[in-house]
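# Remarks on the overall topology
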Amino acid sequence: MTRVCWACGARTDDDSRVRCDCGEPLWLETDPDSVPDSWPTSVESMWDVLPLLGVPAPDVPAGLPTAAGGTPLLRTDSLDTEGVRVHVKPEGLNPTGSFKDRGTAFGVAAALERGEHRIGTVSHGNMAESVAAHAAAADMDCTVLVPADIADQRLAAIARYSPRLVRVDGDYGRLYYESLAVGQDAGVRFLNSDAPWRVAGQATTALEILTQFANRGGGSPDALVLPVSSGGHASGTWQAVRTLTEAGLLEAAPKLCFVQAAACAPIAAAFARGDDTVTAVEGGETIAYSIANADPPSGGRALAAARATGGAVVAVEDPAIERAGKRFAAAGLAVEPASATTLAAVERLREDGVLDDGDEVALVATGRGFGDAGAAVDADRVDLSALGSLFDAGASR
Ligand SMILES: *Cc1c(COP(=O)(O)O)cnc(C)c1O
Ligand SMILES: [Zn+2]
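The protein carries the name Threonine synthase in an unreviewed UniProt entry, which gives Halolamina salifodinae as its organism. Under Cofactor (unreviewed entry), UniProt gives the following word-for-word description of the protein: "pyridoxal 5'-phosphate".

## Let's talk about the site of ligand 1
Near ligand 1, the surroundings consist of 15 residues, among which K100, N126, S229, S230 and T366 are the closest. One of the backbone nitrogen or oxygen atoms of S229 is found 2.8 Å away from an oxygen atom of ligand 1. Backbone polar atom of G231 to an oxygen atom of ligand 1: 3.0 Å apart, as the coordinates give it. Relative to its free-state accessible area of 380 Å², ligand 1 is covered by the protein chains to the extent of 96%. Residue composition of the shell around ligand 1, grouped by class: five nonpolar, eight polar and two charged.

## So, the coordination of the zinc ion (ligand 2)
Protein coordination at the zinc ion (ligand 2): the donors are C5 (SG), C8 (SG), C20 (SG) and C22 (SG), at 2.3 Å from the metal. For the zinc ion (ligand 2), the four donor atoms in the first shell make angles of 103 to 126° at the metal, so the coordination geometry reads as tetrahedral. The motif formed by the donor residues of the zinc ion (ligand 2), counted along the single chain, is C-x2-C-x11-C-x1-C. Here C5, found in strand β1 (residues 3-5), pairs with C22, found in the loop between β2 (11-12) and β3 (26-28); they are 17 residues apart in sequence, far enough to count as distant. Its relative accessible area of 42% is what places C22 among the partly exposed residues.

## Brief notes about the pairing of strand β13 (residues 360-365)
For β13, a buried count of six out of six residues is recorded, marking the element as mostly surrounded by other parts of the structure. Side chains of β13 alternate between two faces, with E360, A362 and V364 and V361, L363 and A365 buried alike. As defined by bridge partners, strand β5 (residues 85-90) adjoins β13 across six bridges and the pair is classed as parallel. Opposite P90, over in β13, you have A365 as the bridge partner. Looking at chain direction, strand β10 (residues 223-227) and β13 are connected through three bridges and run parallel. Across the sheet, A223 pairs through a bridge with V361, a residue of β13.

Conventions and cut-offs
Residues numbered from 1 in each chain as written. Chains lettered and ligands numbered in written order. Predicted model: local features only at pLDDT ≥ 70, side-chain atom pairs only at ≥ 80, totals over all residues. Heavy atoms only, no water. UniProt positions renumbered as here; feature names shortened; annotations may be inferred. Near = heavy atom within 4 Å. Polar contact = N/O pair within 3.5 Å; in protein donor to acceptor, adjacent residues only side chain to side chain. Areas by Shrake-Rupley, 256 points an atom, 1.4 Å probe, with all protein chains shown as cover. Nonpolar A, V, L, I, M, F, W, Y, C, P; charged D, E, K, R; others polar. Donors = N, O, S within 2.8 Å, 3.2 Å for Na, K, Ca; no water. Tetrahedral: all angles 85-135°; square planar, octahedral: opposite > 155°, others 65-115°. Helix = DSSP H or I, 4+ residues; strand = E, 2+ residues; numbered from the N terminus. Buried < 20%, exposed > 50% of the residue type's maximum accessible area, 1.4 Å probe, protein only. Pairing = 2+ DSSP bridges.

Structure, rendered in structure tokens:
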């Protein structure tokens, strides 16, 4: 599959290349002429919408890789904010609890098609779980590189799929680049955050949202809002809307709006400054740990995506993320803090005039956060024989 550079247009067929000589990440070449001229009528999995991206589809192995995507699009009026009509894409419904399964499924299918059986990733969160699970299901050799100080709970969540787990001392940001070089020498395909195959698979989140809007007779959304860390998911989202507008299936691109946690917001800072490139920051602590990337490898591409579509990149503080998480829960949706940022961002985007009264906006609730429901809480305890007492007057809440 030919890869191209979004920034300088360079092309390559060399399978080992995932970044351009200019420094920017490559993505798969898309052919708008190969895009079907109507929307798919059903969205049972990501593979139903992948043809809309205009890339060659890999053969999909049976089992787990067939299960990614196909998440519903919920109209959640209780989350409407400042006149903005909110729709939620609950990506926690994916097999391992996040949208990462879309990219992993594509990456694993493409690797197996090339006869590659050794994969790896650099992650201590959802991507590690996703890659390890898919490797286990396909009986592939899997190496997961994690930071030395990873929390026990996170390590345990990854370890249940029995990958080769390696704690790495040193600058975790550099590890992304080192893993690509080491993997190339060792014959291990690293499906990192913005690998071209991962980006193509993750483009299906947007392809599904746009298909679901179209099938509902609702035209297309005014904006998509998603949390951004490495910029890989944002890149796939841009690749999707670019291809569909070029193919003529979409009249105009929705505004692509990206959110970061204020404690670690290099892309939002570059957007606010009007810069064309993203400068690494000294990242701080945030409850939205899944999106704390101080030196995002696809930051420049995410920045370009927001600008090209009239969107924005904003940062939200932890207390606002917490409040948004509670609003999601009140709507019956458990989402991890990284995903709750999207609802917090709606207020900001409305204030900034990026969103208008009456806009239809899809929030991508990227992950369920199975392994992190927060600290232990005290619960009432009662003996079976006294169960009735729970519902005595005054004891109900
Ligand atoms: C990985 C992840 C993100 C960020 O995605 P990027 O492609 O790295 O920008 C957001 N939310 C959740 C839950 C994630 O796991
Ligand atoms: Zn380039």
